[in-house]
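A look at the structure
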Amino acid sequence: MTEARIIPISDGEPRRRARADAPGVPSPRKRPAKKATPTPVEPSVEQREAELSAYLDEEAKVEEAVGRIIGEANGQEWDRRVAAVLAFLRRRITGDFEVDDFGFDPELTDKVLLALVRPLYEKWFRVETRGIENVPYEGGALVVANHSGTIAVDSVMTQVALRDHHPAHRHLRLLGADLVFQTPVLGELARKAGATVACNADAERLLAADEVVGVWPEGFKGIGKPFSERYKLQRFGRGGFVSAALRAGVPIVPCSIVGAEEIYPIIGNMKTLARLLGVPYLPITPTFPWLGPLGLIPLPSKWIIEFGEPIPTDSYPPGSAEDPMLVFNLTDQVRERIQHTLYELLVRRRSVFF
């Protein structure tokens, strides 16, 4: 039996160190000393001012470049506009423009006449157009609408609606009363805008030429009725517009207009003075004649123009336009559709002005 080996332990050395010094025992690893984190140095005021100045210089360069690009684009746009205006004036002076047999001038209508009334449509009356897809994209059609407003502004607003918002941007050829064309300046402008006298012969010629024709059968009875009878349709006459549609075989599109009744609310009529002046009526409104010329400014009512489903006429046999009962029934059908739609729009309307 071998004798046990005794390892002497020094009194001055700790046991751990003696064990570490023993053969076969690895020495403990020394942990690296932590590096001191450098204290961040605050930039001086001069350095901050220099950095800010450099940043502002870069921003100024970017803004200058953007402004230069926008300025060049605006300059080109203005150049194009000026060139278009000069070209338009040159054509007007030299007579290099076309009018049809009725005196309709499409270029003058688009660039001047409709441009003058378009702010009324978009900003003042804020017209909302509905069902405009019911007006045919091509071919003839007869648009029949209610009439109101003291001054026949509703017909012009309907004209703007079709020209600006119909997918085919169609012109609406208006049928107007004789008084319109007998009035100096107004009659000539109406002709230039595509209007003609409200008679069957002219209506049939326009429909046969695939035009969209607009008629307001109530006439002066509609626009001159008192405010107490607002949105109540007056008599539609003898149905001459139905006869024209039957002869041309074009659809009839009922059109209901809400908002025009409130632009000049008629609370009275100066009949004696109207007879002396040779006009159908001379209205008294809350603003006219009390405010003088300011009373001619229309109230900014909110408008809705809704085109209803078309009523076809091409299925009737030839000679149907000579059948007074058929003409009467179709006239009454169109009138009832317009009146019913007016009531629906009035029920759903939130406010007169909003």
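Rules of the game
Residues numbered from 1 in each chain as written. Predicted model: local features only at pLDDT ≥ 70, side-chain atom pairs only at ≥ 80, totals over all residues. Heavy atoms only, no water. Pairing = 2+ DSSP bridges. Helix = DSSP H or I, 4+ residues; strand = E, 2+ residues; numbered from the N terminus. Contact = heavy atoms within 4.5 Å. Axes fitted to C-alpha atoms, helices over the stretch in contact; angles between N-to-C directions. Phe/Tyr/Trp six-rings, centres within 6.5 Å; stacked < 30°, edge-to-face > 60°. Buried < 20%, exposed > 50% of the residue type's maximum accessible area, 1.4 Å probe, protein only. Lys NZ or Arg CZ within 6 Å of the ring centre and 35° of its normal. Left-handed = near helix turned anticlockwise from the far one by under 90°. Nonpolar A, V, L, I, M, F, W, Y, C, P; charged D, E, K, R; others polar. Patch = residues over 30% accessible without salt bridge, like charges linked within 9 Å, V, L, I, M, F, W, Y side chains within 5 Å. Areas by Shrake-Rupley, 256 points an atom, 1.4 Å probe, with all protein chains shown as cover. Salt bridge = Lys/Arg side-chain N within 4 Å of Asp/Glu carboxyl O. Parallel < 35°, antiparallel > 145°, perpendicular 65-115°, else oblique.

Our focus in this paragraph is the sheet that holds strand 5 (residues 212-215). Taken in spatial order, the seven strands of this open sheet run 1-9-6-2-5-3-4, and their pairing is mixed. The open sheet terminates on both sides in strands that have one partner only, identified here as strand 1 (128-130) and strand 4 (196-197). Strand direction decides the pairing type here: strand 2 (residues 141-145) and strand 5, joined by four bridges, are parallel. Bridging across to strand 5, Val144 finds its partner in Val215. Its contacts with the sheet place helix 4 (residues 153-165) against strand 1, strand 3 (172-176), strand 5, strand 6 (252-258) and strand 9 (304-307), and it is angled at close to 165 degrees to strand 3. Packing against the sheet, helix 11 (residues 324-348) makes contact with strand 1, strand 2, strand 6 and strand 9, and its axis sits at approximately 30 degrees to strand 6.

This structure, assessed with the given rule, holds two aromatic pairs. Here the aromatic rings of Phe125 and Trp303 are separated by 4.7 Å at their centres, their planes lie at 20 degrees, and the arrangement is stacked. With Phe125 in the loop between helix 3 (106-124) and strand 1 and Trp303 in the loop between strand 8 (283-284) and strand 9, the pair connects residues that are 178 residues apart, well separated along the chain. The same class applies to Phe125 and to Trp303, which are both buried. Ring geometry for Phe236 and Phe241: centres 6.2 Å apart, planes at 75 degrees, overall edge-to-face. In terms of burial, Phe236 and Phe241 fall into one category: buried. The ring of Phe97 carries Arg92 above its face, with NZ or CZ at 3.7 Å from the centroid. Above the ring of Phe181, the side-chain terminus of Arg191 is found at 4.8 Å from the ring centroid.

Running from N to C, helix 7 (residues 200-208) and helix 9 (residues 240-248) point in directions that differ by 35 degrees, and their axes come no closer than 9 Å. Considering only the axes of helix 7 and helix 9, their crossing is right-handed. Contacts from Asn200, Ala203, Glu204 and Leu207 of helix 7 reach helix 9 at Gly240, Phe241, Ser243, Ala244, Ala245, Arg247 and Ala248. When grouped by side-chain class, the residues that make up the contact of helix 7 with helix 9 number six nonpolar, three polar and two charged.

With that out of the way, let us pick up a nonpolar patch on the surface. A grouping of Trp78, Val82, Val85, Leu86, Leu89 and Ile93 is seen on the molecular surface, where their side chains present a nonpolar patch of about 650 Å² in accessible area. Of note, Leu89 is situated in helix 2 (residues 45-94). Accessibility expressed as a relative area gives 41% for Leu89, which makes it partly exposed.

Right, let's talk about the packing of helix 3 against helix 4 for a bit. Orientation of helix 3 relative to helix 4, taken along the N-to-C sense of each, is 105 degrees, at an axis distance of 10 Å. In terms of their interaxial angle, helix 3 and helix 4 are classed as roughly perpendicular. Seen from helix 3, the contacting residues are Asp110, Leu114, Val117, Arg118, Leu120 and Tyr121; seen from helix 4, they are Val156, Met157, Gln159, Val160, Ala161, Arg163, Asp164 and His165. When the residues that make up the contact of helix 3 with helix 4 are grouped by side-chain class, the tally is eight nonpolar, two polar and four charged.

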